[in-house]
Amino acid sequence: MSDTKAKQKTGLVITAHPGDFVWRAGGAIALHAKKGYKVKIVCMAFGERGESQFAWKQPGQTLEKVKAGRRDEAERAAQMLGAEIEFFDAGDYPLHLTEAHKERLIDIYRELNPSFVLSHSLEDPYNVDHPAATAAAQEARIIAQAMGHKPEAEYSYSAPPVFLFEPHQPEMCNFKPQVILNIDEVWDIKRKTFEILAAQKHLWAYYERVALQRGMQGGRNTGAAMTYGEAYQRLFPMTLEVLA
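**Thoughts on the nonpolar core**
At step 1: By size, the foremost hydrophobic cluster in this structure holds 37 residues, and its most contacted members are Val13, Phe21, Trp23, Ile29 and Leu118.
At step 2: Contributions of two or more residues to this core are made by helix H2 (18-34), strand E2 (38-43), helix H4 (63-81), strand E4 (116-119), strand E5 (162-165), helix H7 (187-194) and helix H8 (204-222).
At step 3: With eight residues, H2 is the largest single contributor of residues to this core.
At step 4: Membership of the second largest hydrophobic core comes to 23 residues, among which are Val42, Ala136, Ala144 and Tyr157.

Here it is in structure tokens:
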């Protein structure tokens, strides 16, 4: 491994369905990829049952056809954002994560040694898949630290900070927008990625409004010009040398 590759920073995005990483974290993914980070997305399900309402309206539709369509959309979206993607195909509504899925997720943490992790809010009364994905992400993050887990394996791993991306209805999920990320320089990329998700066209305008609102809040909190933002909640406290 070259010194350049060894020093490359990385980010891990753990998402229940394809649309989630686009709507909620597309800006962060594109921004960090642009800055040279290696960003990996773990997509646990294709959203073939619960997030494909337009696809199911087509005559003669089947589960396998819907899955194939969603996989294609997710691959193209990840590529546009500058990330790589791995699918677990765990099924959705609800997620059915197996021990093999969990073991693979632990291995990914150790292989990638991410500088940060993005995943769903801890609560979501509208979608049980979302907190289930985050619970698995948390479990894997913890187990990856355990020296007794696959002690024969060589790895370099330090448990990363975790940022929870904004749910569809934040006030119902006890979500606190503690971090607002300025995504102005990559907004055009994120917005173009929306158009790949034809099965969820009804959400395009909504998530543009969310980005504008968070951008306004970000600008008011910093005093700097900001148009588009993404909100995140920190799962662990920051450790600082000074406060400002």
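Structure shown, so let's carry the discussion forward.
**A word on a nonpolar patch on the surface**
At step 1: A contiguous nonpolar patch, built from Met238, Leu240 and Leu243 and spanning about 380 Å² of accessible area, is present on the exposed surface.
At step 2: As for its placement among the helices and strands, Met238 is situated in the segment after strand E7 (229-234).

**Notes on the packing of H4 against H7**
At step 1: Running from N to C, H4 and H7 point in directions that differ by 170 degrees, and their axes come no closer than 10 Å. One finds that H4 runs roughly antiparallel with respect to H7. In this structure, H4 uses Ala77, Met80 and Leu81 to contact H7, whose residues at the interface are Ile189, Lys190, Lys192 and Thr193.
At step 2: In terms of residue class, the contact of H4 with H7 is made up of four nonpolar, one polar and two charged.

**Description of the pairing of E4**
At step 1: In E4, alternate side chains face the same way, and those of Phe116 and Leu118 on one face and Val117 and Ser119 on the other are all buried.
At step 2: Pairing geometry for strand E1 (residues 10-15) and E4, over three bridges, is parallel. Across the sheet, Val13 pairs through a bridge with Leu118, a residue of E4.
At step 3: As defined by bridge partners, E4 adjoins E5 across three bridges and the pair is classed as parallel. Bridge pairing in E5 places Leu118 opposite Phe163.
At step 4: Each parallel crossover has a hand, and the one from E4 via helix H6 (residues 129-143) to E5 is right-handed.

**Description of the packing of aromatic side chains**
At step 1: Taken as a whole and assessed by the stated rule, the structure comprises eight aromatic pairs.
At step 2: Considering the side-chain rings of Tyr37 and Phe116, the 6.0 Å spacing of their centres and the 50 degrees angle between planes classify their relative orientation as tilted. Highlighted residues: Tyr37 in the loop between H2 and E2 and Phe116 in strand E4, separated in sequence by 79 residues.
At step 3: Between the aromatic rings of Trp187 and Phe194, the centroid separation amounts to 5.9 Å while the plane-to-plane angle is 90 degrees, which identifies the pairing as edge-to-face.
At step 4: Within the aromatic cluster, the residues linked to one another by ring pairs are Trp23, Trp187, Phe194, Tyr206, Tyr207 and Tyr228.
At step 5: Sitting over the face of the ring of Tyr155, Arg110 holds its NZ or CZ atom 3.7 Å from the ring centroid.

**A short note on the packing of H2 against H4**
At step 1: At a minimum axis separation of 9 Å, H2 and H4 run at an interaxial angle of 20 degrees. With respect to their mutual orientation, H2 and H4 come out roughly parallel. Read as a crossing pair, H2 and H4 show a hand that is right-handed. Of the residues in H4, those in contact with Pro18, Gly19, Phe21, Val22, Gly26, Ile29, Ala30 and Ala33 of H2 are Arg70, Ala74, Ala77, Ala78 and Leu81.
At step 2: Grouping the amino acids of the contact of H2 with H4 by side-chain chemistry returns 10 nonpolar, two polar and one charged.

Here is what the cut-offs are and how they apply
Residues numbered from 1 in each chain as written. Predicted model: local features only at pLDDT ≥ 70, side-chain atom pairs only at ≥ 80, totals over all residues. Heavy atoms only, no water. Core = buried A, V, L, I, M, F, W, Y, C linked by side-chain atoms within 4.5 Å. Buried < 20%, exposed > 50% of the residue type's maximum accessible area, 1.4 Å probe, protein only. Helix = DSSP H or I, 4+ residues; strand = E, 2+ residues; numbered from the N terminus. Patch = residues over 30% accessible without salt bridge, like charges linked within 9 Å, V, L, I, M, F, W, Y side chains within 5 Å. Areas by Shrake-Rupley, 256 points an atom, 1.4 Å probe, with all protein chains shown as cover. Salt bridge = Lys/Arg side-chain N within 4 Å of Asp/Glu carboxyl O. Axes fitted to C-alpha atoms, helices over the stretch in contact; angles between N-to-C directions. Parallel < 35°, antiparallel > 145°, perpendicular 65-115°, else oblique. Contact = heavy atoms within 4.5 Å. Nonpolar A, V, L, I, M, F, W, Y, C, P; charged D, E, K, R; others polar. Pairing = 2+ DSSP bridges. Right-handed = clockwise from strand over helix to strand, strands pointing away. Phe/Tyr/Trp six-rings, centres within 6.5 Å; stacked < 30°, edge-to-face > 60°. Lys NZ or Arg CZ within 6 Å of the ring centre and 35° of its normal. Left-handed = near helix turned anticlockwise from the far one by under 90°.

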